[in-house]
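Spelled out, the chains give:
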Amino acid sequence: MIYRIRHQTIVHYDAPVQLARLNLRLRPAPWPGQWTSDYHLAVDPAPSSIESRPGAWPVHVARLEIDSPLRRISIDSSFRAGVQGEPAAEAREDDPTVGAVAEAALVARDMGPAGPAHYLHASQRVPLVAEIGDWAADLLVPGRPIVEAAVELARRIKGEFAYVSGATDAATPVAEAFAARHGVCQDFAHVMVAALRWFGLPAAYVSGYLRTDPPPGMARLVGADAMHAWAMLWCGPARGWIGLDPTNGVIAGDGHLFVAMGRDYADVAPMDGLFFGGAGQSVQVMVDVMPEDEAS
């Protein structure tokens, strides 16, 4: 599948601010099975400086500074992407077991951005929570095939957690979302990552986009999509990383567009930073993920 993606962000400040410094993580990092081209970033007002570089993880960071008084920032990110589905990610009879993957992770020597050792331990937004480990213990037993167990975990999260927009925010602790059994895709990805890491499995948090289709007979609404989040599990040196979407209870496929991978949301937040001034702010986000054959 080939897509055209546009992500618009408008930040309104309640009063003029004197300086804004922002980190943007909107340009897709390289990832197997996906290519991107024609990336374009437009910022209004124009930054006085902008630095673009790879991050410590599979993430691309644009750091920009606006040093004149302002009350509004508009950020428009767009690109073209091709995604090859993951038929090889289905569970197989020769899959390694949960225990074998945990052992392989301890001796893995890859220290690159996607090296499994980086994703084994607790992180800023994903501490190790005993209650989550207990809840997943019957699925992630050492002798069980890794992909089969992980898919069932994703399906359990979909079945037991309610998607409630606005019930949580970016700062909601994973233990709180788990106890409430509701949240959004970010919370479900964090719960899945926490469960996998409890059993010594390298698990990462992915931000990206998900193709959404309108109900039958309805026109597609431009700007109605949103960024999505899912988990990535390292399944041993032979199988590598496999994406799992607990919001939908599926393996990530050609409707999932990878942007960045990190230890948790804090590593891959689409935008963060600071501004100088006493004003509050509001943020409006509009995302459009359109198959190229539908683009006009």
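### Details of the overall build of the chain
At step 1: Assigned secondary structure in the chain consists of 6 helices and 15 strands.
At step 2: Relative to the globule expectation of 19 Å for 296 residues, the C-alpha radius of gyration of the chain, 20 Å, shows essentially globular dimensions.
At step 3: Projecting the C-alpha coordinates of the chain onto the three principal axes gives extents of approximately 60 × 45 × 35 Å.
At step 4: Taken across its 296 residues, the chain has 49% of its residues classed as buried.
At step 5: Partitioning the contacts of the chain with sequence separation of at least 6, the portion at a separation of at least 24 is 77%.
At step 6: Total accessible area computed for the chain in this model is approximately 13,500 Å², and 54% of it derives from carbon and sulfur atoms.
At step 7: Charge centroids of the chain, computed over 23 positive and 34 negative side chains, lie 4 Å from each other.

### As for the sheet that holds strand E14 (residues 271–276)
At step 1: Read across the sheet, 4 strands follow the order E4-E5-E2-E14 without closing on themselves; strand pairing throughout is antiparallel. Either end of the sheet is taken by a strand with one partner, and the two such strands are strand E4 (49–54) and E14. Averaged over neighbouring strand pairs, the angle between their axes works out to 10° when direction is ignored.

### Looking at helix H5 (residues 185–198)
At step 1: Given a rise of 1.5 Å per residue, 14 residues ought to cover 20 Å, and the 20 Å separating the end C-alpha atoms of H5 matches this to within 8%.
At step 2: Counting buried residues in H5 gives 13 out of 14 residues, a clear majority hidden from the surface.
At step 3: Glycine 200 sits one or two positions beyond H5 and adopts a positive phi of about 75°.

### Some details on helix H1 (residues 98–107)
At step 1: Turning to H1, its buried residues number three or more, namely Val98, Gly99, Val101, Ala102, Ala104 and Ala105.
At step 2: The inward-facing, buried residues of H1 contact helix H3 (146–160) and strand E10 (227–234).

### Section: the side chain of threonine 9
At step 1: Mapped onto the elements, threonine 9 comes out in strand E1 (residues 2–17).
At step 2: Classification of threonine 9 by relative accessible area gives buried; the value is 6%.
At step 3: At 3.5 Å, the side chain of threonine 9 and the side chain of histidine 7 are in polar contact.
At step 4: Excluding residues that lie within four positions of it along the chain, threonine 9 makes contacts with Ile73, Ser74, Ile75, Met271, Val283, Gln284 and Val285.

### Examining the pattern of salt bridges
Side chains that differ in charge, positive against negative, can pair when their charged atoms come close.
At step 1: This structure, assessed with the given rule, holds 13 salt bridges.
At step 2: With a shortest N-O distance of 2.4 Å, arginine 239 and aspartate 95 are connected by a salt bridge. Of this pair, arginine 239 sits in the loop between E10 and strand E11 (241–245) while aspartate 95 sits in the loop between strand E6 (70–83) and H1, placing them 144 residues apart in sequence.
At step 3: You can call aspartate 95 buried: its relative accessible area is 8%.
At step 4: When salt bridges that share partners are traced, they join Arg4, Arg80 and Glu292 into one network.

### Remarks on the sheet that holds strand E15 (residues 281–291)
At step 1: Reading across the sheet, the 4 strands line up as E3-E6-E1-E15 and stay open at both edges, with antiparallel pairing between neighbours. In this open sheet, the two strands that pair with only one neighbour each are strand E3 (34–44) and E15. Each adjacent strand pair in this sheet contributes to an overall mean axis angle of 10°, direction not counted.
At step 2: Inspection of the sheet shows E3 paired to E6 by 9 bridges, in the antiparallel sense. Note that in E6 the partner of tryptophan 35 across the bridge is glycine 82.

### Let's talk about the nonpolar core
For soluble globular proteins, nonpolar side chains are generally found buried alongside one another.
At step 1: Counting 89 residues, the largest nonpolar core has Ile73, Trp135, Leu153, Leu201, Tyr209, Met232 and Met261 as its most contacted members.
At step 2: Per-element tally for this core: the top contributor is H5, with 9 residues.
At step 3: With near-sequence residues (within four places) excluded, leucine 153 lies in contact with Trp135, Ala136, Leu139, Leu140, Met192, Ala195 and Leu196.

### Describing the packing of H3 against H5
For any two helices packed against each other, one specifies the crossing angle of their axes together with the interaxial distance.
At step 1: Axis separation between H3 and H5 bottoms out at 10 Å; the angle between their running directions is 140°. In this view, H3 runs oblique relative to H5, as classed from their interaxial angle. Like other packed secondary-structure pairs, H3 and H5 cross with a definite hand, here right-handed. For the pair H3 and H5, contact is made by Ala150, Leu153, Ala154 and Ile157 and by Phe188, Val191, Met192, Ala195 and Leu196, respectively.

What counts and what doesn't
Residue indices follow the written sequence of each chain, beginning from 1 at its first position. Thresholds applied to this predicted model are a pLDDT of at least 70 for local features of residues and 80 or more for the giving and counting of side-chain atom pairs; totals over whole chains, interfaces and linings are not thresholded and use all residues. With hydrogens and water set aside, each side-chain value is computed from the structure's full complement of heavy atoms. Only DSSP runs of H or I covering at least 4 residues are called helices, and only runs of E covering at least 2 are called strands; the numbering of each starts at the N terminus. In this description the radius of gyration comes from C-alpha coordinates, and the expected globular size is given by 2.2 Å times residues to the power 0.38. Between buried and exposed lies partly exposed: a residue is buried under 20% and exposed over 50% of the maximum accessible area for its type, with that area taken using a 1.4 Å probe on protein chains only. Contacts are assigned to residue pairs with any non-hydrogen atoms lying within 4.5 Å of each other. Only the protein chains shown count as cover for residues, and the accessible areas themselves come from Shrake-Rupley with a 1.4 Å probe. Under this rule, positive means Lys or Arg and negative means Asp or Glu; His and the chain ends count for nothing. For the purpose of locating charges, the reference atoms are NZ of Lys, CZ of Arg, CG of Asp and CD of Glu. Think of it this way: DSSP has to see at least two bridges between two strands before they count as a pair. Geometry is summarised by axes, namely lines fitted to C-alpha atoms with helices restricted to the contacting stretch, and by angles between N-to-C directions that run from 0 to 180 degrees. Expected helix span is given by 1.5 Å per residue-to-residue step, counting one fewer step than there are residues. Two N or O atoms count as a polar contact when they lie within 3.5 Å, although within protein this holds only if one can serve as hydrogen donor and the other as acceptor, and sequence-adjacent residues are included solely when both atoms are side-chain atoms. The term salt bridge refers to a pairing of a side-chain nitrogen on Lys or Arg with a carboxyl oxygen on Asp or Glu at a separation within 4 Å. The set of buried Ala, Val, Leu, Ile, Met, Phe, Trp, Tyr and Cys residues whose side-chain atoms join them within 4.5 Å is what this entry labels a nonpolar core. Orientation categories follow fixed angle ranges, with anything under 35 degrees roughly parallel, anything over 145 roughly antiparallel, 65 to 115 roughly perpendicular, and all other angles oblique. Handedness of a crossing is defined here by the sense of rotation of the near helix relative to the far one, left-handed for an anticlockwise turn of less than a right angle and right-handed for a clockwise turn.

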